[in-house]
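Here is how the chains run, residue by residue.
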Amino acid sequence: MCEYCGCQEIEVISELTAEHDRLRELGHDLAAAARQADLAGARPLAAAMREVLTPHTTVEEQGLFPALAGEFGGPIDRLRQEHRTIDAGLAALAELDDPVTWPNWTKDVEDTLQELFEHILKEQDGVFPAALATLSATEWDAVAATRNNIPAHAT
């Protein structure tokens, strides 16, 4: 977790970072399962990662990214596309019944995880500090409201 810019003082950023940490933990376990070609172990890990990613990307794409899109449109569009690619890779693995139908699944999973880990760095080293520097209190309230409207996070 970064601590150089102070963005962790914003509750929603702290929560998103904690989710990144959980995704890294699960991702390392998934990488180990893929290296062993352990589909039975890999599938539930991919499903667990998607359970973290779904509300996480909702907060980013409906709350944080729109607030940053005016100034950082191109990079934000790329981050949105990365969300789609990562989710598609994890979904395909979570639903894979027969590895014969996807002979390169282990390599593709490693590629998906590499993209995820790089994506997390982009957000934590770029997006979160940029948001801290540019978002107004009203925009932060809107991001927090987005998070609070997700059933798993409603208080």
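The residue numbers shown here count from 1 along each chain, following its written sequence. Side-chain atom pairs in this predicted model are given and counted only at pLDDT of 80 or more, local residue features only at pLDDT of at least 70, and totals for whole chains, interfaces and linings cover all residues. To obtain the side-chain values, all non-hydrogen atoms of the structure were included, while hydrogens and water were left out.

This paragraph deals with the overall build of the chain. Strands here mean DSSP runs of E at least two residues long; helices mean DSSP runs of H or I at least four residues long; both are numbered from the N terminus. The helix and strand inventory of the chain stands at 4 helices and 0 strands. If you list the helices and strands of the chain from N to C, you get α-α-α-α. Only the C-alpha atoms count toward the radius of gyration. The rule for a globule is 2.2 Å times the residue count to the power 0.38. Taking 15 Å as the expected radius of gyration for a compact globule of 155 residues, we find that the chain reaches 16 Å, a close match to that expectation. Here the C-alpha coordinates of the chain stretch approximately 50 × 30 × 25 Å along the principal axes. Remark: exposure states derive from per-residue accessible area (1.4 Å probe, protein chains only) relative to the maximum for the residue type, with buried under 20%, exposed over 50%, and partly exposed in between. Every one of the 155 residues in the chain was classed for burial, and the buried ones make up 43%. For this analysis, residues touch if any pair of their heavy atoms sits within 4.5 Å. Taking the intrachain contacts of the chain between residues at least 6 apart in sequence as the baseline, contacts between residues at least 24 apart amount to 75%. Calculation of accessible area relied on Shrake-Rupley with a 1.4 Å probe; when residues are assessed, cover is drawn exclusively from the protein chains displayed. As presented, the chain carries roughly 7900 Å² of accessible surface, and 51% of it is formed by carbon and sulfur atoms.

The next thing to look at is the confidence of the model for the chain. Predictor confidence is given residue by residue as pLDDT, running from a minimum of 0 to a maximum of 100. Per-residue pLDDT for the chain averages 91, and the proportion of residues at 70 or more is 92%. When mean pLDDT is taken per element in the chain, helix 1 (residues 11-35) scores highest with 96 and helix 4 (residues 137-148) scores lowest with 93.

With that out of the way, let us pick up helix 4. Over its 12 residues, helix 4 runs 16 Å from end to end, which matches the ideal 16 Å to within 8%, given 1.5 Å per residue. For helix 4, every residue scored as buried is listed here: W140, V143, T146 and R147. Viewed end-on, helix 4 has its buried residues packed into an arc of 115 degrees, placing them on one side of the element. Facing away from the buried side of helix 4 by more than 90 degrees, the exposed set consists of A137, T138 and D141. Looking at the packing, one finds that the buried side of helix 4 touches helix 1, helix 2 (39-94) and helix 3 (105-134). A helix is expected to reach a length of 1.5 Å times the quantity of its residues less one. In this context, the arc is that of the directions from the helix axis out to the C-beta atoms.

Checked against the element boundaries, L96 lands in the loop between helix 2 and helix 3. On the basis of relative accessible area, L96 is assigned to the buried category, the value being 7%. Remark: the alpha-carbon pair of L96 and A42, spanning 54 residues in sequence, is separated by 9.8 Å. Here L96 is in contact with L39, R43, T101, W102 and W105, once residues within four sequence places are set aside.

With respect to the helices, strands and loops of the structure, H56 is situated in helix 2. Judged by its relative accessible area of 2%, H56 falls in the buried class.

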